[in-house]
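# Structural characterization, general
The residues making up each chain are set out below.
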There are 2 protein chains.
Amino acid sequence: MIRCPKCNQVHAINRSGIVRGMQRYFCKDCASYFTITNNTKPAPEVTGNKKHITTIGDIARALNISKSTVSRALHEHGDINAATKKAVTDMARKLHYTPNLLAQSLVKSRSNTIGIIVPEFLTYFFPTVIIGATEVATKAGFNVVICQSQESLKTEIANVNVLLANRVEGVLISMTKETKTFDHFRSLERHGVPMVFYNRVCEEIDCPKVLVNDYDGAFKATTHLIQAGFMNIAHIAGPVSLRLSNNRLNGYMDALKKNGLSVKKSLILHTDLSTEGTKQCAEKLLSMKNRPDAIFCVNDPAAIQVMLMAKQKGIKIPEELGVVGFSNDPMASIIEPSLTTVSQPVADLGRTAMRLLIASIKNGTESKEPIYLETELIIRASSVMAT
Amino acid sequence: MIRCPKCNQVHAINRSGIVRGMQRYFCKDCASYFTITNNTKPAPEVTGNKKHITTIGDIARALNISKSTVSRALHEHGDINAATKKAVTDMARKLHYTPNLLAQSLVKSRSNTIGIIVPEFLTYFFPTVIIGATEVATKAGFNVVICQSQESLKTEIANVNVLLANRVEGVLISMTKETKTFDHFRSLERHGVPMVFYNRVCEEIDCPKVLVNDYDGAFKATTHLIQAGFMNIAHIAGPVSLRLSNNRLNGYMDALKKNGLSVKKSLILHTDLSTEGTKQCAEKLLSMKNRPDAIFCVNDPAAIQVMLMAKQKGIKIPEELGVVGFSNDPMASIIEPSLTTVSQPVADLGRTAMRLLIASIKNGTESKEPIYLETELIIRASSVMAT
DNA sequence: CTGAAAGCGCTAACAC
DNA sequence: GTGTTAGCGCTTTCAG
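Residues numbered from 1 in each chain as written. Chains lettered and ligands numbered in written order. Predicted model: local features only at pLDDT ≥ 70, side-chain atom pairs only at ≥ 80, totals over all residues. Heavy atoms only, no water.

Now for the nonpolar core. Membership of the largest hydrophobic core comes to 146 residues, with the highest contact counts inside it found for Met354 of chain A together with Met354 of chain B. Ignoring sequence-local partners within four residues, the contact set of methionine 354 of chain A consists of Ile114, Ile116, Ala133, Val136, Ala137, Val144 and Leu172 of chain A. If you look at the next biggest cluster of nonpolar residues, it comprises 42 residues, including Leu164, Phe185 and Ile205 of chain A together with Cys202 of chain B. (Core = buried A, V, L, I, M, F, W, Y, C linked by side-chain atoms within 4.5 Å. Buried < 20%, exposed > 50% of the residue type's maximum accessible area, 1.4 Å probe, protein only. Contact = heavy atoms within 4.5 Å.)

Next up, the structure:
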């Protein structure tokens, strides 16, 4: 409701363009032009040393228009006068306006943010997953916040709470090796936040999961060792709490059985995945009276520990000890002899998981059948005698 | 203003405890107890399939008290009746209340969040910095959001904008190798968001910086090569855009000069840090007619590329080629021969940077003298003839 | 010790 | 096409 400052009436007012950034009006009654200067709120005082951050209101005031118009101009939002829009965007630039996502999220109750929880990111595996996942999320217009649980359940719970408090729209999770209670995941369910598990999945939660075909990878790896002539093959397995450990263990055992070899409990050791834990397993296996002639390890870092210890003990690889790892870590091709390993489509794992997550954010419930990505055996020097 | 439902008066009302989670009142006039059930807003309907997320208002309604009281009860906020507080916290648990950080941040204009920008995190360096920095931030009560610029200026700018839009309270930055314009950093300055640069610092911005003593590390490394008997030492340097490249280059050159060796421009090559780029440098140096007898590399990944190529060409390390890297990557101790390198206090770098950042968030401007952390030369097999 | 009310920055009907 | 209004969920004076 614009009132003419001269004739004080309100019905015969027209807009007449924008001059020096201010909306200009024309009163048809008294035939005069005017701009309105006194706004509801005074311009912010420069009190104290706190920097004032430009808001949509500042732009509105500077232009003598309403906040809604500014909001619309900034968002390609339906009908908006081209001149107004230009005035607004120019003024926004001039005042260095940055939208406040917190406020936007609050009113829209959508934060446009997705959380990713990784147990660690010192080895190449999880960073690579993150890169793949982020790529997909960014393309879909989501921001990503990365949390590392550091293999600690307590931290994982804290991570979930932070993500929840920040009202993320979905979470990608790979559990810690010590996660055996799942209330924090249920908490996400309760809040209606979709989850997708990848790599280290939680059986108890009904949601999409993306895995590598661990069983098949392990089966191929073990079969390869057998075909290469090894007869007494040990396995350093992962923590029993992780399903992937069991899948790889089963692949190993089935390969032995299928080839007529017996499964010896004494040759199956579980590491907690820490360097120390793995070293102990290696030590135990390598100092047996009836030493295994090959070891299939749950992952490459473990295989590398085995190789280092074997070297230290003067055990020749592969002549006296065949070694195979899992994951095709960059280290595997650097170490000597180079390490035979099972490669996984790591970035793809991230991409697939993120795609599923975004689908469940958008369409509600998704197919909950776990998705398995295939592995590839990469044969290198650690498992094959030079010919 | 509580009105008695029986006698309809308003002055003689007393609170009389909380029963079944509801505030109970007593009217002295008609001597009757009552609770008030009709609240300003009706309880949220379970419309559609959108999950309702418990708010402070839900708790207030359930207990027939005001939102302010709930807020206070939830925050140890001054005077609050112990019974009320218990009722509130119990009800909060019962309704699975999770505070909305977006709303809190909005009203407090403090997000309690700090951003960390890393150029990449596939090698161990940046993840380790992040772990150190996160540790300090968490202790100080800040959340951390990690952004990876993937060595792309465009992504770096996008990262800054996301952090800005999310109103982070401070940012830890290590630039991409291609960052040569700095408007996005100025944008942070303008918004009053403190920054601290680490490792790859920006000269143009006046703020705290944390670095490793690159010059000294390079000087020690080069001096070591000279003392080990190498005479014709090349250097694969980093991108000129990064100050650390120049610092390491200067350390290399000064060490040569100080030991009476001449600096040969032809033996100084710049890599862009990509595997491909480094390979080209290595190829060039290793196929010179007058091949250098040692190479000091700007970092370990580069040194490892050199070693791999040398092996491929049948050049013996260290007999025919001494190699020294920088950063003590885990790979350095795995490769054979093991790689001599300059180790940096990486996690400490992160911790120090985060401490400085938190200080500038809390106290405003900080000391802006760059801080240098010391390095240590780790001598391994790649630079020392077996005796 | 507690309630009412204002407002953080922004969007989204609803009017005109 | 644009202004008005009413919140999003929460904290924080200001009164009692």
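As a structural note, the neighbourhood of DNA strand C is formed by 28 residues, with Ile56, Lys67 and Tyr97 of chain A together with Thr69 and Thr84 of chain B the closest of them. Per the 4 Å cut-off to the protein, sugar and phosphate atoms form 65% of the nearby atoms of DNA strand C. One of the backbone N or O atoms of alanine 103 of chain A is found 3.5 Å from a base nitrogen in DNA strand C. With respect to DNA strand C, the side chain of threonine 69 of chain B contributes an N or O atom lying 2.3 Å from a phosphate oxygen. Every element with two or more residues in the surface near DNA strand C is listed here: helix 2 (67-74) and helix 4 (101-108) of chain A together with helix 2 (67-74) and helix 4 (101-108) of chain B. In the surface near DNA strand C, the residues fall into 9 nonpolar, 12 polar and 7 charged. (Near = heavy atom within 4 Å. Polar contact = N/O pair within 3.5 Å; in protein donor to acceptor, adjacent residues only side chain to side chain. Helix = DSSP H or I, 4+ residues; strand = E, 2+ residues; numbered from the N terminus. Nonpolar A, V, L, I, M, F, W, Y, C, P; charged D, E, K, R; others polar.)

Further remarks concern the sheet that holds strand 11 (residues 294-297) of chain B. Residues and elements named next belong to chain B. With parallel pairing, 4 strands are arranged side by side in an open sheet as 10-9-11-12. A single partner strand is all that each edge strand has here, and the edge strands are strand 10 (268-270) and strand 12 (322-324). Neighbouring strand axes in the sheet, compared pairwise and without regard to direction, differ in orientation by 15 degrees on average. Here helix 8 (residues 214-227) sits on the sheet in contact with strand 9 (233-237), strand 11 and strand 12, set at roughly 170 degrees to strand 11. (Pairing = 2+ DSSP bridges. Axes fitted to C-alpha atoms, helices over the stretch in contact; angles between N-to-C directions.)

Before going further, it helps to examine the interface of chain B and chain A. With 42 residues of chain B at the interface, the matching set in chain A holds 43 residues. Where chain B abuts chain A, roughly 4,100 Å² becomes buried across the two surfaces, and 66% of that area is made up of carbon and sulfur atoms. Broken down residue by residue, the surface that chain B buries against chain A is led by Leu102, Arg167 and Ile334 of chain B, which jointly contribute 17%. Put simply, chain B and chain A have 2 salt bridges between them. The closest approach of N and O atoms between glutamate 336 of chain B and lysine 311 of chain A, which form a salt bridge, is 2.2 Å. Counting every contact that joins chain B to chain A gives 12 residue pairs in polar contact (both at pLDDT 80 or more). For the side of chain B that touches chain A, the secondary-structure elements that each account for two or more residues are helix 4, helix 5 (125-139), strand 5 (143-148), helix 6 (153-165), helix 7 (183-190), helix 11 (300-312) and helix 12 (330-334) of chain B. Taken together, the residues that form the side of chain B that touches chain A break down as 24 nonpolar, 12 polar and 6 charged. (Buried area = accessible area lost by both parts, 1.4 Å probe. Salt bridge = Lys/Arg side-chain N within 4 Å of Asp/Glu carboxyl O.)

Moving on: the relation of the copies chain B and chain A. Superposing chain B onto chain A takes a rotation of 180 degrees plus a shift of 0.0 Å along the axis, which leaves an RMSD of 0.0 Å. The two molecules are tied by a two-fold rotation axis, judged by turn and shift. A shared binding surface is used by both copies, with 100% of the interface residues of chain B retained as interface residues in chain A. (Least-squares fit on C-alpha atoms with pLDDT ≥ 70 in both.)

Looking now at the side chain of glutamate 156 of chain A. Residues and elements named next belong to chain A. By secondary structure assignment, the location of glutamate 156 is in helix 6 (residues 153-165). No salt bridge forms around the buried glutamate 156; measuring N to O, its nearest opposite-charge neighbour arginine 200 is 7.4 Å away. Here threonine 176 takes part through its backbone nitrogen, which lies 3.1 Å from a polar atom of the side chain of glutamate 156. Those residues within four positions of glutamate 156 in sequence are excluded, and the remaining contacts are Ser149, Ser174, Met175, Thr176, Thr179, His184 and Phe185. (Lys, Arg positive; Asp, Glu negative; His and termini not counted.)

Below, the discussion takes up the packing of helix 2 of chain A against helix 3 (residues 82-94) of chain A. To describe two helices that pack against each other, one gives the angle between their axes and the distance between the axes. Residues and elements named next belong to chain A. For the pair helix 2 and helix 3, interaxial distance at closest approach is 9 Å and the crossing angle is 90 degrees. Here helix 2 lies roughly perpendicular to helix 3, going by the angle between them. Across the interface between the two elements, Thr69, Val70, Ala73 and Leu74 from helix 2 touch Thr84, Lys85, Val88, Thr89 and Ala92 from helix 3. (Parallel < 35°, antiparallel > 145°, perpendicular 65-115°, else oblique.)

For chain A, the domain assignment lists domain 1 (1-38), domain 2 (56-99), domain 3 (108-211 + 347-372) and domain 4 (214-345). The centre of domain 2 of chain A, based on its C-alpha atoms, is set 63 Å off from the matching centre of domain 4 of chain A. (Domains from an automatic or database assignment.)

A few words now on the packing of aromatic side chains. All names here are of chain A. A complete count under the given rule lists 13 aromatic pairs over all chains for this structure. Geometrically, the ring pair formed by phenylalanine 185 and phenylalanine 197 is edge-to-face, given 5.1 Å between the ring centres and 85 degrees between the ring planes. Of this pair, phenylalanine 185 sits in helix 7 (residues 183-190) while phenylalanine 197 sits in strand 7 (residues 195-198); the two residues are 12 residues apart in sequence, bridging distant segments of the chain. Against the face of phenylalanine 326 rests arginine 248, its NZ or CZ located 3.7 Å from the ring centre. (Phe/Tyr/Trp six-rings, centres within 6.5 Å; stacked < 30°, edge-to-face > 60°. Lys NZ or Arg CZ within 6 Å of the ring centre and 35° of its normal.)

Once that is clear, we can look at helix 6 of chain A. Between its first and last C-alpha atoms helix 6 of chain A spans 18 Å; for 13 residues at 1.5 Å apiece the expected length is 18 Å, and the two agree. Along its buried surface, helix 6 of chain A packs onto strand 4 (113-118), strand 5 (143-148), strand 6 (170-173) and helix 7 of chain A together with helix 4 of chain B. At the exit of helix 6 of chain A stands arginine 167 of chain A, carrying a positive phi of roughly 55 degrees. (Expected span 1.5 Å × (residues − 1).)

Another aspect to go through is the protein's contact with DNA strand D. Around DNA strand D, a shell composed of 29 residues is seen, among which Ser68, Thr69 and Thr84 of chain A together with Ile56 and Tyr97 of chain B lie nearest. The contact in question runs from a base nitrogen of DNA strand D to an N or O atom on the backbone of alanine 103 of chain B, over 3.5 Å. Separating a phosphate oxygen of DNA strand D from a side-chain N or O atom of glutamine 104 of chain B is a distance of 3.2 Å. Those elements giving two or more residues to the surface near DNA strand D turn out to be helix 2 and helix 4 of chain A together with helix 2 and helix 4 of chain B. Per-element tally for the surface near DNA strand D: the top contributor is helix 4 of chain B, with 4 residues. Class assignment for the residues of the surface near DNA strand D results in 11 nonpolar, 12 polar and 6 charged.

Further remarks concern the state of the cysteines. In this structure the tally under the stated criterion is 0 disulfides over all chains. Free of any disulfide, cysteine 147 of chain A has its nearest cysteine sulfur in cysteine 147 of chain B, 12 Å distant. Cysteine 281 of chain B carries a free sulfur, and the closest cysteine sulfur to it, the one in cysteine 297 of chain B, is 9.1 Å from it. (Disulfide = S-S within 2.5 Å.)

Picture the strands of a sheet paired through backbone hydrogen bonds; they go either parallel or antiparallel. Residue and element names in this part refer to chain B. Spatially, 6 strands are ordered 5-4-6-7-8-14 in an open sheet, and the strand pairing comes out parallel. Each of the sheet's edge strands pairs with one partner strand only, and the pair in question is strand 5 and strand 14 (371-373). Along the sheet, successive strands turn relative to each other by an average axial angle of 20 degrees, direction set aside. Bridge analysis of strand 7 (residues 195-198) against strand 8 (residues 209-212) gives 2 bridges, and the strand direction is parallel. Across the sheet, phenylalanine 197 pairs through a bridge with lysine 209, a residue of strand 8.

Quick look at the pattern of salt bridges now. If you walk through the whole model with that rule in mind, you get 34 salt bridges over all chains. The partner of glutamate 151 of chain A in a salt bridge is arginine 200 of chain A, and the shortest N-O contact between them spans 2.9 Å. Taken as a pair, glutamate 151 of chain A in the loop between strand 5 and helix 6 and arginine 200 of chain A in the loop between strand 7 and strand 8 (209-212) lie far apart in primary sequence, 49 residues in all. Residue class for glutamate 151 of chain A comes out buried when judged on its relative accessible area of 15%. Close ionic contact of lysine 220 of chain B with aspartate 216 of chain B constitutes a salt bridge, the shortest N to O distance being 3.3 Å. Within this pair, lysine 220 of chain B and its partner aspartate 216 of chain B are both found in helix 8, separated by 4 residues, close to a single helical turn.

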